[in-house]
Structures are given as structure tokens and as C-alpha cells.
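Listed here are the chains, written in short residue letters.
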Amino acid sequence: MRELPNASPSASEVRFLEELTLATSPAIHQWLYDGWVARASGNDVRRANSTTVFYPSTVALAEKIDAIEAWYQQHAQGAMFRLNNTLTSPELDDLLAQRGYTREMDTFMMTLDIATASSGPTVPHGLRMVERSSVNGIADVHQLKGSSASTAERDAARQSLWRGPERYLALKSINGLVSGGMARLQNGCVGIFTMRTAEKSRGKGYASLLIAHLLAWGKAHGAHTAFLQVDQSNEAAIAVYQRFGFASRYGYWQRVQPWIAKK
């Protein structure tokens, strides 16, 4: 994992941010087991299909992994774990590696104090910013991702479980959708999710425009902190977030059961 610039969070801070991550990303199925939260949704959103470690185990780790794997088999998918250096014991990561779990998607959790967030810049001539319903906003995301119809349908079912404040925004040109994203509010924090820009429209500041408006919306609705997650290899996105003042608080990664990794 790359070195984090601000890698000194407390266990309570990491736990709080992990709770925010799960709360704002609903899962179809969830199981609380001995300080771990297992989730399954049958789609491609890893937060909604993995087990997050919150507290040390009282059950032997090998026995506990067996139970988690059996639970995922009941939901017709393989097991996946979200791990970090603060809440996860090295022993668990080692045991998963010994079982053949691959390490994937090293990710930064980034946060921002949004006290200074402005109302958002003016939309350039030739573009329109449109507030979307949750159904249409989710459809926008999957259009930009190029998802299959079945993947989009499963994700729409999952996202419909959210009942808190949210805002979906789309940026459109005369040729159609160029960028989209959304934000959700929880416990005085605004999470930025599903930021996507059409490949031919990247590098033009469209994502930054949406982020600015989503942050301003969060601030107007009482949020004091923004949070998001980004793939550590996505240097372009990290640069965009850093320009807003987002800083990495910690990193996490997934351990993925072999038969999923081969799909």
C-alpha cells in the first residue's frame, strides 16, 4: 500500500468513518457477527458485498472465516473482506492470504472540513446541471459505467433502500450526459459517491464542478465534514479531490475469495 500523508487516525475515527461508509451504502443482506459486518447485494459495489471488521474477534479466526464463507455461499457469491491496518489484525490478513484470497483495490478514505465550501461555480455555457431523481441518477451512473442491464437493475434495488437525504446531479451538453455523481447526508457528514465522467469528456473539470455543488449542498444541509473513497491507483481523481482540500485519513483493501477473482 502507498504511504498515507496523514496516516495517524485513532481506532474510534476509523470506526466512525467505516460506519458512515456502510450506513450510506445500503446492502440487500447484512449479518452482524462477533464484531464483523458481512454484507451481500449481488452487484459490483464492493462496500455492499464485503465483510468489514469493526472489533477484535472472540471466535477463533479460522472458525469465523469458515462461517463468513458459508454465509456468502448461501447468498450465491464468494466472500470478500474489507481490511485496514487500524482495526484489522495482521493475523487475519495472513490467514486470508494463506487461503488464496487475492489482495485487490487498495483504497484511500479521504475527508474534508467543508466549513469554507462555497455555493459552487457557475456552469459553463453549453452545459446544463440537472438535479435527478434517485432512479434516474442511478441510471446515469450505470450509463457512464457501461453496466449491463442486470447489474444496473440490482444496484437500483439496493440503492432504493436508502431513506436519508441525498442529491443526484448530472451535467449535460447538447450531445447528452457527460458527468454524474451523488451525495448523501449522515451524522453531520456528506459522502460523495459514484462520480463518473464520460471518457471523451474527461480532463475538462466536469467532475470538479459537480463536486463543488454537492459539497455546497451538504454544507447548506448542516454537514461539517465530507468523505469519499478513491482507488489509490486513480491519480487523476486523487488530484481533483486534493485540490478541494481532501486529505487521506487511512487506507483499506479487499481480500477476495479466489473464485470471485477469476470471474
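Each remark here, short or long, concerns the structure printed above.
Definitions and cut-offs
- Residues numbered from 1 in each chain as written.
- Predicted model: local features only at pLDDT ≥ 70, side-chain atom pairs only at ≥ 80, totals over all residues.
- Heavy atoms only, no water.
- Salt bridge = Lys/Arg side-chain N within 4 Å of Asp/Glu carboxyl O.
- Helix = DSSP H or I, 4+ residues; strand = E, 2+ residues; numbered from the N terminus.
- Buried < 20%, exposed > 50% of the residue type's maximum accessible area, 1.4 Å probe, protein only.
- Phe/Tyr/Trp six-rings, centres within 6.5 Å; stacked < 30°, edge-to-face > 60°.
- Lys NZ or Arg CZ within 6 Å of the ring centre and 35° of its normal.
- Expected span 1.5 Å × (residues − 1).
- Core = buried A, V, L, I, M, F, W, Y, C linked by side-chain atoms within 4.5 Å.
- Contact = heavy atoms within 4.5 Å.

(A) Highlighting the pattern of salt bridges. Tallied over the entire structure, the rule returns 12 salt bridges. A salt bridge links R249 to E13, with the nearest nitrogen and oxygen atoms 2.8 Å apart. In this pair, R249 is assigned in strand β11 (residues 247-256) and E13 in helix α1 (residues 11-23), connecting sequence segments 236 residues apart. Judged by relative accessible area, R249 falls into the buried class, the value being 16%. Note that E131 and R167 form a salt bridge whose closest N and O atoms lie 3.4 Å from each other. Of this pair, E131 sits in strand β6 (residues 128-132) while R167 sits in strand β7 (residues 166-173), and the two are 36 residues apart along the sequence. Judged by relative accessible area, which is 52%, E131 ranks as exposed. Through salt bridges with shared partners, a single network forms among D66, E69 and R99.

(B) View of unusual backbone geometry. In this structure, M105 is a non-glycine residue whose phi angle is positive, near 50°. In this fold, M105 is placed in strand β5 (residues 102-113). One non-glycine residue with positive phi stands out, namely N187, at about 50°. Residue position: N187 is located in the loop between β8 (176-186) and β9 (189-197).

(C) Summary view of the packing of aromatic side chains. Per the stated rule, a full pass over the model turns up seven aromatic pairs. Centroid distance W36 to F81: 5.9 Å. Interplanar angle 90°. Geometry classified as edge-to-face. In this pair, W36 sits in strand β2 (residues 36-40) while F81 sits in strand β4 (residues 80-84), placing the two residues 45 residues apart along the sequence. Exposure remark for W36: the relative accessible area of 2% places this residue in the buried category. We classify F81 as buried; its relative accessible area is 0%. Taken together through their ring pairs, the aromatic side chains of W31, Y33, W71 and Y72 make up a single cluster. The ring of Y33 has K64 sitting right over it, with the charged end atom 5.7 Å from the ring centre. Positioned over the ring face of W253 is R103, at 4.1 Å from the centre of the ring.

(D) Broad picture of α1. If you check α1, its first and last C-alpha atoms are 18 Å apart, about what 13 residues at 1.5 Å a residue would give, namely 18 Å. When we look at burial in α1, the residues that qualify are V14, R15, L17, E18, L20, T21 and L22.

(E) Examining the nonpolar core more closely. V190, L215, V230, Y241 and F246 are the most contacted members of the largest nonpolar core, which has 29 residues in total. Listed by contribution, the elements that provide at least two residues to this core are β5, β7, β8, β9, α6 (206-220), β10 (225-231) and α7 (235-244). If you tally residues by element for this core, the top one is α6, at seven residues. Excluding residues within four positions of it along the chain, V230 makes contact with D106, T107, F108, M110, A237, I238 and Y241. In terms of nonpolar packing, the next biggest core, distinct from the first, is built from 17 residues, Y33, I68, L92 and L96 among them.

(F) Structural detail: the environment of V53. Among the structural elements, V53 can be located in strand β3 (residues 51-53). On the accessibility criterion, V53 (3% relative accessible area) is buried. Along the primary structure V53 and L87 are separated by 34 residues, whereas in three dimensions their C-alpha atoms are 6.6 Å apart. The residues contacting V53, other than those within four sequence positions of it, are G35, W36, R82, L83, L87, T88 and L92.

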